[in-house]
Every structure is written in structure tokens, then in C-alpha cells.
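Here's the letter readout for the chains.
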Amino acid sequence: MKLLPSQLVAEAAAGLGLHPPHPEPKFEPPKQKAHGDFATNVALQLASRAGVNPREVAEAILAALPPAEFVEKAEVAGPGFLNFWVTD
């Protein structure tokens with residue numbers, strides 16, 4: 001079964017004891033193409049609820065992401081955004 005990007009992030013967050021916001025986190029194309037194919041601010045939302053540093057939450061989610069063949073690369077950007085590049 002293929003997971004959607006939002007499911008990957010939700011699974012990683014749940015594994016860290018963080019519960020993703022509802023509705024599901026939004027994934028949108030960043031304003032600059034150099035920042036990936038899509039991005040999410042879910043770490044900022046989760047950190048706000050937990051009262052912790054959003055960049056640390058984003059780094060923890062990134063480290064906990066399950067492998068997905070459609071994700072070429074993922075990285076933390078700025079104060080806690082997660083940027084994703086997908087395969088062709």
C-alpha cells in the first residue's frame with residue numbers, strides 16, 4: 001500500500017507521541033521551486049500545541065519518516081517547515 005505524504009508525516013509524528021492536527025496537514029507547493037515540490041507547516045502546528053521548538057519537532061519528524069519510494073528528498077527549512085521533493 002502506498003502512503004500519501006500526509007500519512008507519512010502523520011505516522012512519523014504518531015511514532016514520536018505527537019498527534020497531527022485535524023484536518024490533515026496541508027501540503028502545498030512552496031513559493032520557490034528550489035524549496036521542493038511540496039511543503040508543510042505541520043511541525044509548527046504540533047510544536048505550538050506542545051510548547052516546544054518547531055524546528056526540533058520538524059527534525060524529529062524528518063528522522064522518523066518511514067521510507068517511501070516516491071520521496072526523493074526531504075529536509076527541514078526555516079523555523080520548522082518540511083520540504084519534500086518527489087521522484088518522477
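Going by the structure above, here's the rest.
Below, the structure is looked at part by part. (Residues numbered from 1 in each chain as written. Predicted model: local features only at pLDDT ≥ 70, side-chain atom pairs only at ≥ 80, totals over all residues. Heavy atoms only, no water.)

1. A look at the pairing of strand 2 (residues 71-77)
Condition: Strands pair, by our definition, only if DSSP identifies at least two bridges between them. Helix and strand definitions here come from DSSP, where helices need a minimum of 4 consecutive H or I residues and strands a minimum of 2 consecutive E residues; each element is numbered from the N-terminal end.
Note: strand 2 against strand 3 (residues 81-86), six bridges, orientation antiparallel. Residue pairing for strand 3: alanine 77 is matched across the bridge by phenylalanine 81. Between strand 2 and strand 3, which pair antiparallel and follow one another directly, the connecting turn spans three residues, one of which, glycine 78, has a positive phi of 55°.

2. A short note on the nonpolar core
Taken as a class, soluble globular proteins show a tendency for nonpolar side chains to be buried jointly. Note the following rule: Nonpolar core, defined: a set of buried Ala, Val, Leu, Ile, Met, Phe, Trp, Tyr and Cys residues in which side-chain atoms within 4.5 Å join the residues together. When a residue's accessible area, from a 1.4 Å probe over protein chains only, is under 20% of the maximum for its type it is buried; when over 50% it is exposed; and in between it is partly exposed. Should any heavy atoms of two residues lie within 4.5 Å, those residues are considered in contact.
Residues Val9, Leu46, Val57, Ile61, Leu65, Leu82 and Phe84 are the most contacted members of the largest nonpolar core, which totals 19 residues. Aside from chain neighbours lying at most four places away, what touches leucine 82 is Phe38, Ala39, Thr40, Val42, Ala58, Ile61, Leu62, Glu75 and Val76.

3. Remarks on the pattern of salt bridges
Formally: Here, a salt bridge means any Lys or Arg side-chain nitrogen found within 4 Å of an Asp or Glu carboxyl oxygen.
Evaluation of the coordinates by the stated rule reveals three salt bridges. Here glutamate 59 and arginine 55 are joined by a salt bridge, their closest N and O atoms 3.5 Å apart. One end of the pair is glutamate 59 and the other is arginine 55, both in helix 3 (residues 54-64) and four residues apart, which spans about a single turn.

4. Here's the deal with the pairing of strand 3
Where strand 1 (residues 38-40) meets strand 3, three bridges bridge the pair, whose relative direction is antiparallel. Among the inter-strand pairings, threonine 40 is bridged to a residue of strand 3, identified as leucine 82.

5. What to know about the environment of isoleucine 61
Its location among the elements puts isoleucine 61 in helix 3. The exposure class of isoleucine 61 is buried, given its relative accessible area of 0%. Residues isoleucine 61 and glutamate 11, spaced 50 residues apart in sequence, show a C-alpha to C-alpha distance of 9.0 Å. Once residues within four sequence positions are removed from consideration, isoleucine 61 is found in contact with Val9, Ala12, Ala13, Leu16, Ala43, Leu46 and Leu82.

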